[in-house]
Amino acid sequence: MPGLRGPSDYSQEPPRHPSLRINSKEPFNAEPPRSALISSYITPVDLFYKRNHGPIPLVDDIESYYVTVNGLIENPRKLFMKDIRALQKYNVTATLQCAGNRRTAMSKVRKVRGVGWDVSAIGNAVWGGAKLSDVLELVGIAKLMHSTESGGRHVEFVSVDQCKEENGGPYKASIPLSQATNPEADVLLAYEMNGEPLNRDHGYPLRVVVPGVIGARSVKWLDSINIIAEECQGFFMQKDYKMFPPSVNWDNINWSTRRPQMDFPVQSAICSLEDVEMVKPGKVNIRGYAAAGGGRGIERVDVSADGGKSWVEASRSQKPKETYISEHHSTDKWAWVFFEASLDVSRTTEIAAKAVDSGANVQPECVESIWNLRGILNTSWHRVLLRLGHSSL
Ligand code: MTE
């Protein structure tokens, strides 16, 4: 592997912030505490959730690192960092969310398989890099294409990390060529996160960022890009990150009946409170995040102080702008919003939050109705129990 390699063990992992909640050590999967997550609209890199399927790759020599572009194209090419940096740089503020966010709560209904995440497998960063549509143009694929002349309809991203699900092979995923060649989809080959070079955990030296889509498609430590006819046949596209109905179990599952999940559905979570909190009677401040997939943006966030019988609209501290801030700074329609409400609490009660996106999609009431064996996309109303008592809140 020129410049970049995926180690076979965990002896060379990078340092991590001590306040992260570790959900699995090897591979390293961790999320920040709820309160830390909403302390900054742009999530600091060291507090950003980390989702890995193998040991973190290493760069031996950045000068010799390159990405190969192969497959159904006329002229396969090697792209060095200098080639990618020579393209127009864009800064895109985009929320990345793991499809497994809030899995732990789904497991309480019926056990699911997968890393247990609370509500913080999500973060919002300013990603800096080249647009994939410009990179593809460089290798001869025009903008806004559904297919190349030789029948390429998907763009596959391949890494170098050794994943046990791939029998020691690398992590990979694909997106449709139409999305990859659409400049407005803002798909990036990112080399910066919050103005700094990517760190090792988040994909140094180069990663894909697919805004509005589940994090699983934003491949880190990019090694090659393949233009292919069918979508990527890798484990994480075909045997994982698919949404099944509650009736499907491990005995009757047929993976080929479902498409790989792409956009993430509308989501919100209260982060100023844990699942169960003691409070004094009076006003309780509720704060959290809401995010919509597919660039739809958040239209509204409702909160309830009586378990969902009545609702008030929360205020939103960041409203998505639909316009480009400047020529080279992209839109923030891919970014989350923070919400806040002050609720009167006079008895033990359940607080709930639900968000509505610009397509009027709303979070489902019950986790039972969206339960699925892999525990993905738990977007049910987020609830916390407030018990009356003595507390510092
Ligand atoms: N890319 C590689 N090469 N290996 C991985 O394990 N995990 C994916 C994606 N890209 C993964 C990857 C998943 S499931 C998610 S949610 C995001 O990376 C997490 O990105 P982060 O660790 O930067 O938050």
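Scroll up to find the structure.
Residues numbered from 1 in each chain as written. Predicted model: local features only at pLDDT ≥ 70, side-chain atom pairs only at ≥ 80, totals over all residues. Heavy atoms only, no water.

Concerning the overall build of the chain
Applicable threshold: Per the convention used, a helix needs a DSSP run of H or I reaching at least four residues, while a strand needs a run of E reaching at least two, with both numbered from the N terminus. Using C-alpha atoms as the atom set, the radius of gyration is obtained and then compared with a globule rule of 2.2 Å times the number of residues to the power 0.38. Accessible area is worked out with a 1.4 Å probe on protein chains only. A residue is then buried under 20% of its type maximum, exposed over 50%, and partly exposed in between. The contact rule is simple, with two residues in contact once any of their heavy atoms fall within 4.5 Å. Every accessible area reported is derived by Shrake-Rupley at a probe size of 1.4 Å, with residue values counting cover from the shown protein chains alone. Think of it this way: Lys and Arg go in the positive column, Asp and Glu in the negative one, and His and the chain ends go nowhere. Charge coordinates come from a single atom per side chain, which is NZ of Lys, CZ of Arg, CG of Asp or CD of Glu.
In terms of helices and strands, the chain carries 6 helices and 24 strands. In terms of overall dimensions, the chain is globule-like: its C-alpha atoms have a radius of gyration of 21 Å, near the 21 Å expected for 393 residues. Structurally, the chain occupies a C-alpha span of about 70 × 50 × 40 Å along its principal axes. Burial analysis of the chain (393 residues in total) assigns 56% to the buried set. The contacts of the chain with a sequence gap of at least 6 include a subset with a gap of at least 24, amounting to 72%. Total accessible area computed for the chain in this model is approximately 16100 Å², and 49% of it derives from carbon and sulfur atoms. A gap of 5 Å separates the mean positions of the 46 positive and 45 negative side-chain charges of the chain.

A closer look at the site of the ligand
Under the convention used in this document: We define proximity as follows: a residue is near a molecule or strand when any one of its heavy atoms falls within 4 Å of that partner. The definition of a polar contact used here is a pair of N or O atoms within 3.5 Å, where within protein one atom must be able to donate a hydrogen and the other to accept one, and adjacent residues in sequence count solely through side-chain atom pairs.
Not every one of the 20 residues close to the ligand is listed here, only the nearest: His53, Asp161, His202, Arg207 and Lys220. Between Asp161 and the ligand, the recorded distance is 2.7 Å, taken from a side-chain N or O atom to a nitrogen atom. In this structure, an oxygen atom belonging to the ligand sits 2.7 Å away from a side-chain N or O atom of His202. Within the complex, the protein chains bury 100% of what would otherwise be the 540 Å² of accessible surface of the ligand.

Re the packing of aromatic side chains
The cut-off we apply is this: Only Phe, Tyr and Trp rings take part, Trp by its six-membered ring, and two of them pair if their centres are within 6.5 Å. Stacked means planes under 30 degrees apart, edge-to-face means over 60, and tilted covers everything else. Put simply, a charge is over a ring when the Lys NZ or the Arg CZ is close to the ring centre, within 6 Å, and near the line of the ring normal, within 35 degrees.
By the definition in use, this model includes 13 aromatic pairs. Ring centres of Phe236 and Tyr241 lie 6.5 Å apart, and the angle between their planes is 40°; this geometry places the pair in the tilted category. Judged on exposure class, the residue Phe236 and its partner Tyr241 are both buried. With centroids separated by 5.5 Å and ring planes inclined at 25°, the aromatic side chains of Tyr289 and Trp336 adopt a geometry described as stacked. Of this pair, Tyr289 sits in strand E18 (residues 282–291) while Trp336 is found in the loop between strand E21 (315–316) and strand E22 (337–345), placing the two residues 47 residues apart along the sequence. For the residue pair Tyr289 and Trp336, the accessibility class agrees, reading buried in each case. Among the aromatic side chains, those forming a connected cluster through ring pairs are Tyr41, Tyr289, Trp336 and Phe338. Lying over the aromatic face of Phe28, Arg16 brings its terminal NZ or CZ to 3.8 Å of the ring centre. Taking NZ or CZ as reference, Arg85 lies 4.3 Å from the ring centre of Tyr191, over its face.

Regarding the pairing of strand E6 (residues 66–71)
Inclusion rule: Strands are treated as partners if at least two bridges between them are detected by DSSP.
Alignment of E6 against strand E7 (residues 77–80), held across 4 bridges, turns out to be antiparallel. The residue of E7 that forms the bridge with Thr68 is Lys78. What sits between E6 and E7 in their antiparallel hairpin is a turn of 5 residues. Direction of pairing for E6 relative to strand E15 (residues 224–228): parallel, over a ladder of 4 bridges. Of the residues in E15, the one forming a bridge with Asn70 is Asn226.

Some details on the sheet that holds strand E17 (residues 276–279)
Think of a sheet as strands paired side by side through backbone hydrogen bonds, with each pair either parallel or antiparallel. The strand order across the open sheet formed by 5 strands is E17-E24-E23-E19-E20, and the pairing between neighbours is mixed. The open sheet terminates on both sides in strands that have one partner only, identified here as E17 and strand E20 (312–313). As paired strands, strand E19 (residues 298–304) and strand E23 (residues 349–357) are joined by 6 bridges and run antiparallel to one another. Across the sheet, Asp302 pairs through a bridge with Lys354, a residue of E23.

Thoughts on the environment of Ser107
Residue position: Ser107 is located in helix H3 (residues 103–109). A relative accessible area of 23% means that Ser107 is categorised as partly exposed. Taking C-alpha positions, Ser107 is 37 Å from Gly195, a pair spaced 88 residues apart along the chain.

Some points on the pattern of salt bridges
Threshold: Any carboxyl oxygen of Asp or Glu within 4 Å of a side-chain nitrogen of Lys or Arg constitutes a salt bridge here.
Following the criterion strictly, the structure yields 20 salt bridges and no others. We note a salt bridge from Asp275 to Arg34, for which the minimum N-O separation is 2.8 Å. Here Asp275, found in the loop between strand E16 (267–270) and E17, pairs with Arg34, found in helix H1 (residues 34–37); they are 241 residues apart in sequence, far enough to count as distant. Classification of Asp275 as partly exposed rests on a relative accessible area of 31%. For Lys131, the salt bridge is made with Asp186, and the minimal N-O distance between the two is 2.9 Å. One end of the pair, Lys131, is in strand E9 (residues 122–131); the other, Asp186, is in the loop between helix H5 (177–180) and strand E12 (188–193), and 55 residues separate them in sequence. Of the two residues, Lys131 and Asp186, both sit in the buried class. When salt bridges that share partners are traced, they join Arg34, Lys108, Asp118, Glu274 and Asp275 into one network.

Some thoughts on the nonpolar core
This is how the line gets drawn: Here, nonpolar core refers to any group of buried Ala, Val, Leu, Ile, Met, Phe, Trp, Tyr and Cys residues whose side-chain atoms link them within 4.5 Å.
Ranked by size, the top nonpolar core spans 62 residues in total, and within it Leu132, Val155, Phe157, Leu206, Leu222, Ile225 and Tyr289 carry the most contacts. When residues no more than four places from it in sequence are discounted, the contact partners of Leu206 are Tyr65, Val67, Met81, Ile84, Leu189, Ala190, Tyr191, Leu198, Lys220, Trp221 and Leu222. In terms of nonpolar packing, the next biggest core, distinct from the first, is built from 22 residues, Leu273, Val279, Val301 and Leu343 among them.

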